[in-house]
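# Working through the structure, step by step
Listed below are the residues making up each chain.
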Amino acid sequence: MTDTIKGSLWMVGGVLCLTSMAIAGKEISLQIDTFEILFYRSVMGVSIILFFLIKKDQLREINLKEIRTHLKRNIAHFTGQNLWLYALASITLAEVTSLEFTMPIWIVLFSYFMLDEQMDKFKILSVFIGFIGVLITVRPDIDSINLGLIAAAISAIVFALTNIYTRRLTRTESTLTILFFLTTMQLIFGLITSLLDGKLDIPTNENIAWIVVIGFAGLGAHYCITTAL
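Presented here is a report on the structure given in the accompanying data block. Numbering of residues starts from 1 in every chain and runs along the sequence as written. This being a predicted model, a pLDDT of at least 70 is required before a residue's local features are given, and a value of 80 or more before pairs of side-chain atoms are given or counted; all residues contribute to the totals for chains, interfaces and linings. As a rule here, side-chain values cover all heavy atoms of the structure and leave hydrogens and water aside.

What follows covers the pattern of salt bridges. Only one rule defines a salt bridge in this text: a Lys or Arg side-chain nitrogen within 4 Å of an Asp or Glu carboxyl oxygen. Counted according to the given criterion, the structure contains two salt bridges. With its nearest N and O atoms 3.0 Å apart, the salt bridge here joins Arg60 to Asp57. Only protein chains enter the calculation, and the probe is 1.4 Å; a residue is then buried if its accessible area is under 20% of its type maximum, exposed if over 50%, and partly exposed in between. A residue is classified by how much of its surface remains accessible, and Asp57, at 49% relative accessible area, is partly exposed. A salt bridge links Arg167 to Glu117, with the nearest nitrogen and oxygen atoms 3.8 Å apart. With Arg167 in helix H7 (residues 147–169) and Glu117 in the loop between helix H5 (103–114) and helix H6 (121–138), the pair connects residues that are 50 residues apart, well separated along the chain. Only DSSP runs of H or I with at least four residues qualify as helices, and only runs of E with at least two residues qualify as strands; both kinds are numbered from the N terminus onward.

Right, dumping it as structure tokens:
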């Protein structure tokens, strides 16, 4: 099996995990604050990653050589996640998903400017066709534009930037190292923002199952996509 096929299969796995996370996020987004969703997801993520790092005796791989890139990646990701969860609560899942399809367009553009990857005629045509496809699906007009649509559109841009930083990190960092900094930084960001209102809500029996799905699906998506990249 070629590396291209393997990478494609990992990316498909990432898409399936993201789909599961979107469904769970839609169900829970009206019950619990987005900051707290990300905090509890990160608690699960840190626990899982530490388990594998200890089991594989890879804790010594954790280093601070690329801490700035990790920080940039996770600020972008945390911003995108909050906008994405807000959009899930505000507009239909179909609209959120359609606007997510603009992410490959932004990845192509960011890759050209940030990773010095070539922009050929095929990529330019793909960007153009993809953008037209999103317009046909969403059919935006002045009256229909709202904060949910804007949040979904911006989240796609920020997620694309996250993938660019991930691509940079995969050149020198292992997948588990990237996921370690992801989960720990997201946990810190989530805790700080969750406490802005002076309290931290505890999940109920009704929504804890969805948090578990978000935790495993979110971590699975990052593992698959990072491995693919």
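Once you've had a look at it, read on.
This paragraph deals with the state of the cysteines. Cysteine sulfur atoms are paired as a disulfide whenever they fall within 2.5 Å. Under the defined criterion, the tally for this structure stands at zero disulfides. The structure places no disulfide on Cys17, whose sulfur is separated from the nearest cysteine sulfur, that of Cys224, by 4.8 Å. Among the residues examined, Cys17 registers a relative accessible area of 19% and is labelled buried.

The tendency in soluble globular proteins is for nonpolar side chains to be buried side by side. One finds Ile49 and Trp84 to be the most contacted residues of the largest nonpolar core, which totals 42 residues. Excluding residues within four positions of it along the chain, Trp84 makes contact with Leu18, Met21, Ala22, Val96, Glu100, Ser155 and Phe159. For our purposes a nonpolar core is just a set of buried Ala, Val, Leu, Ile, Met, Phe, Trp, Tyr and Cys residues, chained together by side-chain atoms within 4.5 Å. Any two residues whose heavy atoms approach within 4.5 Å are treated as being in contact.

This brings us to the packing of helix H8 (residues 175–194) against helix H9 (residues 208–228). Simply put, an axis is a line fit to the C-alpha atoms, just over the touching stretch for a helix, and the angle between two N-to-C directions goes from 0 to 180 degrees. Put simply, H8 and H9 touch, their axes get as near as 10 Å, and they point 140 degrees apart. With respect to H9, the element H8 is oriented oblique. Of the two possible hands of crossing, H8 and H9 adopt the one that is right-handed. Taking contact as the criterion, the partners of Thr175, Ile178, Leu179, Leu182 and Thr183 in H8 are, on H9, Leu219, His222, Tyr223, Thr226 and Thr227. Geometric relationships in this document are graded by angle, where less than 35 degrees denotes roughly parallel, more than 145 denotes roughly antiparallel, 65 to 115 denotes roughly perpendicular, and other angles denote oblique. For a crossing to be left-handed, the near helix must be turned anticlockwise from the far one by less than a right angle; the clockwise case is right-handed.

Moving on: the packing of aromatic side chains. Think of it this way: a Phe, Tyr or Trp ring, Trp meaning its six-membered ring, pairs with another when their centres are within 6.5 Å, and the plane angle makes it stacked under 30 degrees, edge-to-face over 60, tilted otherwise. As enumerated under the stated definition, the model contains seven aromatic pairs in all. Look at Phe35 and Phe78: their rings are 6.3 Å apart centre to centre, the planes differ by 10 degrees, and that puts the pair in the stacked class. Here Phe78 lies in helix H3 (residues 67–90) and Phe35 lies in helix H2 (residues 34–55), a separation of 43 residues in the sequence. Residue class for Phe35 comes out partly exposed when judged on its relative accessible area of 25%. Consider the rings of Phe180 and Phe181, whose centres lie 5.4 Å apart with planes at 75 degrees: the pair is edge-to-face. In terms of burial, Phe180 and Phe181 fall into one category: buried.

Let us look at helix H4 (residues 93–100). Listed as buried for H4 are Val96, Ser98 and Leu99. Along H4, the residues classed as buried sweep out an arc of 165 degrees about the axis, all on the same side. In this description, the arc belongs to the directions extending from the helix axis to the C-beta atoms.

What follows covers a nonpolar patch on the surface. Taken together, Leu125, Phe128, Ile129, Phe131, Ile132, Leu135 and Ile136 make up a surface patch of nonpolar side chains, about 670 Å² in accessible area. Tracing the sequence through the fold places Leu125 in helix H6. Here a patch means residues that are over 30% exposed by relative accessible area and free of salt bridges, tied together within 9 Å if like-charged and within 5 Å if nonpolar (Val, Leu, Ile, Met, Phe, Trp, Tyr). All accessible-area figures derive from a Shrake-Rupley calculation using a 1.4 Å probe, and residue coverage is judged against the displayed protein chains alone.

Right, let's get into H2. For a helix, the expected span equals 1.5 Å multiplied by the number of residues minus one. With 22 residues, H2 should cover 32 Å at 1.5 Å per step; its first-to-last C-alpha distance of 32 Å lies within 8% of that length. Among the residues of H2, the N-terminal cap falls to Asp33, whose side-chain oxygen and the backbone nitrogen of Phe35 are separated by 2.8 Å. Backbone geometry just downstream of H2 places Asp57 in the positive-phi region, at approximately 55 degrees. In the analysis that follows, any N or O atom pair within 3.5 Å is treated as a polar contact, provided that within protein one partner can donate a hydrogen and the other can accept it, and provided that, for residues neighboring in sequence, both atoms belong to side chains.

Here we come to the side chain of Asn74. Mapped onto the fold, Asn74 is located in helix H3. Given the relative accessible area of 0%, Asn74 is considered buried. Those residues in contact with Asn74 that lie beyond four places of it in its chain are Phe181, Leu182, Met185, Gln186 and Phe189.

Shape is all these values report; function is a separate question.
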